[in-house]
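# Notes for the structure review
Residue-level listing of the chains:
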Protein chains: 2
Amino acid sequence: MEIKIMKNILDRNQDKAEEVRKHLREKKVVMLNIISSPGAGKTTLLERICEVMGTEFRIGVIEGDITTDRDARRLKKFEIPIVVINTEGGCHLDSYSISRVLSMFDLDNLDVIFVENVGNLICPSHFDLGESFKLAVVSTAEGDDKPAKYPMLFREAKAVILNKTDLIPHTNFNITAFVGDLEEINANIPLFQVSCTRGDGLDEFYRWLRKAIPTALSQEDVS
Amino acid sequence: MEIKIMKNILDRNQDKAEEVRKHLREKKVVMLNIISSPGAGKTTLLERICEVMGTEFRIGVIEGDITTDRDARRLKKFEIPIVVINTEGGCHLDSYSISRVLSMFDLDNLDVIFVENVGNLICPSHFDLGESFKLAVVSTAEGDDKPAKYPMLFREAKAVILNKTDLIPHTNFNITAFVGDLEEINANIPLFQVSCTRGDGLDEFYRWLRKAIPTALSQEDVS
């Protein structure tokens, strides 16, 4: 019975997500849905992206948080539009909440919206927000077994950012085990090994993102 | 409407949880529900507890995992009964799944069951399993803002284990900020600063646990 209810919720979410996707495509705005456990480094990644790519793309941010606007406050130093969605206990964003806040952006003057989902490696993977694609962020401090234990996100994402590589020498993280499990789940997914606090490895990710954003638009035009 | 459905699910879960709690009380078994983000160190904490306290208490373990039995395999070296619940995508354990697996234990020969919940800082807090109390585990690598951003668990737990203190020198974790936020949410909650891989700080936690387990039983007897 619970499964049936869940399916109804997911169906309605999916319908609204398609509506959001169509609207964003008309406005030529790419939306990225960033998903990770709590504290894997989504906000620090967004800080780095805004610093480096803020002159190349007109960026907007949607911050999903259970409560507080702490992440949004960290991004206030950038001259970009930010909207916070407080889920008030909810464990993920959904397409209805995204649809409601899109009207708060001037979409004609944006190229890309980054959605920082609620910190949760499970539930956000089940809810399409109408995004162009998902990005998975995972921290080395979480251990190398996360792709095997939480496969949904790693199956759905267009790329994986393995953050906090600077901590590897201080942990028992095994990169070979991590990559092996990831390849079993999603053989050709791009993997970026980075340290968002130090900046290590980010250039390669930026290069990929510079192509992935316009490619997402042109693919959506074709479909 | 979703809220109403959620309330029905929670009500039914609560009824079953009370049934589980009553059954465990009759059997004089204490059940602890361990909750954290993915990779905060729940399994390593359980390894340490089994090593040190395995001769003092007759221990059983319920391992909640979305898929795989990786955590359970890490505990197989101990001569204790372990049951794995694979939630198949589900983001938390519930009292129905606990109720079903309790029959697989010889409760007359157990003192305490540790439940390792699914790695998720949000949803498991909403579902009473019939436990005697909850333990919150959080890793320094997740950042010092977790109590403020995810207050539910820190409100509900009987104690907080701050793990991976050995990583603090390599991160921007601020213990004063962490403790300040935690005290605002749950003023008198015991906090144990530990490194489960190194063993630092665990003795104080064991001392607390040695009292908390029998106390939970006697309090339940009174109620």
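Just above sits the structure.
Residues numbered from 1 in each chain as written. Chains lettered and ligands numbered in written order. Predicted model: local features only at pLDDT ≥ 70, side-chain atom pairs only at ≥ 80, totals over all residues. Heavy atoms only, no water.

What follows covers the relation of the copies chain A and chain B. Between chain A and chain B, the superposition needs a rotation of 180 degrees and an axial shift of 0.0 Å, giving an RMSD of 0.0 Å. On the angle and the small slide along the axis, the relation comes out as a two-fold axis. When the interface residues of chain A are mapped onto chain B, 100% of them are again interface residues, pointing to one common binding face. (Least-squares fit on C-alpha atoms with pLDDT ≥ 70 in both. Contact = heavy atoms within 4.5 Å.)

Our focus in this paragraph is unusual backbone geometry. Of note, A:Glu88 is a non-glycine position whose phi angle comes to about 50 degrees, a positive value. As for its position among the elements, A:Glu88 is in the loop between strand E3 (82-86) and helix H4 (95-102). In this structure A:Glu88 comes out as exposed when scored by relative accessible area, which is 65%. Positive phi values are uncommon outside glycine, yet B:Thr68 reaches one of about 70 degrees. (Helix = DSSP H or I, 4+ residues; strand = E, 2+ residues; numbered from the N terminus. Buried < 20%, exposed > 50% of the residue type's maximum accessible area, 1.4 Å probe, protein only.)

What follows concerns the interface of chain A and chain B. Taken together, the contact between chain A and chain B spans 37 residues of the former and 37 residues of the latter. Summed over both partners, the interface of chain A with chain B buries about 3000 Å², with 59% contributed by carbon and sulfur atoms. A salt bridge links B:Lys149 to A:Asp65, with the nearest nitrogen and oxygen atoms 3.6 Å apart. At the boundary of chain A and chain B, one finds nine residue pairs in polar contact (both at pLDDT 80 or more). By residue number, the principal contributor to the side of chain A that touches chain B is helix H1 (residues 2-26) of chain A, which donates four residues. Here the residues of the side of chain A that touches chain B sort into 15 nonpolar, 10 polar and 12 charged. (Buried area = accessible area lost by both parts, 1.4 Å probe. Salt bridge = Lys/Arg side-chain N within 4 Å of Asp/Glu carboxyl O. Polar contact = N/O pair within 3.5 Å; in protein donor to acceptor, adjacent residues only side chain to side chain. Nonpolar A, V, L, I, M, F, W, Y, C, P; charged D, E, K, R; others polar.)

Attention shifts here to the packing of aromatic side chains. Under the counting rule described, the total for this entry stands at 12 aromatic pairs over all chains. On the basis of an interplanar angle of 55 degrees and a centroid distance of 5.6 Å, the ring pair of A:Phe192 and A:Trp208 is categorised as tilted. With a gap of 16 residues between them, A:Phe192 in strand E7 (residues 191-193) and A:Trp208 in helix H8 (residues 202-222) connect regions that are remote in the sequence. Relative to B:Tyr206, the ring of B:Phe205 has its centre 6.3 Å away and its plane inclined at 50 degrees; by these criteria the two rings are tilted. The exposure classification of B:Phe205 matches that of B:Tyr206, with both residues buried. (Phe/Tyr/Trp six-rings, centres within 6.5 Å; stacked < 30°, edge-to-face > 60°.)

In this section: empty space enclosed by the protein. Across all of its chains, the model carries one cavity of 30 Å³ or more by this definition. There is about 50 Å³ of room inside the largest cavity. For the largest cavity, the full set of lining residues is A:Pro38, A:Gly39, A:Ala40, A:Ser139, A:Ala141, A:Glu142, A:Lys164, B:Pro38, B:Gly39, B:Ser139, B:Ala141 and B:Glu142. Looking at the lining of the largest cavity residue by residue, the class counts come to five nonpolar, four polar and three charged. (1 Å grid on protein atoms, 1.4 Å probe; cavity = no way out; pocket = protein on both sides within 12 Å on 5 of 7 lines; lining within 4 Å. Points joined across faces, edges and corners; volume = space filled by probe spheres on them.)

A word on the pattern of salt bridges. Residues and elements named next belong to chain B. Inspection of every chain in the model, using the stated rule, returns 34 salt bridges over all chains. We note a salt bridge from Glu56 to Arg210, for which the minimum N-O separation is 2.6 Å. Here Glu56, found in the loop between helix H2 (42-53) and strand E2 (59-65), pairs with Arg210, found in helix H8 (residues 202-222); they are 154 residues apart in sequence, far enough to count as distant. Exposure remark for Arg210: the relative accessible area of 31% places this residue in the partly exposed category.

Take the pairing of strand E5 (residues 133-139) of chain A next. Residue and element names in this part refer to chain A. Of all seven residues in E5, seven are buried; the element is thus mostly enclosed. Neither face of E5 is exposed, since Phe133, Leu135, Val137 and Ser139 on one face and Lys134, Ala136 and Val138 on the opposite face are all buried. Relative to E5, strand E1 (residues 30-35) runs parallel, the two sharing four bridges. Residue pairing across strands places Ile35 opposite Ala136, the latter belonging to E5. Pairing of E5 with strand E6 (residues 159-163) involves five bridges; the strand directions are parallel. Opposite Leu135, over in E6, you have Ala159 as the bridge partner. (Pairing = 2+ DSSP bridges.)

The values reported here are purely geometric and, on their own, carry no functional implication.
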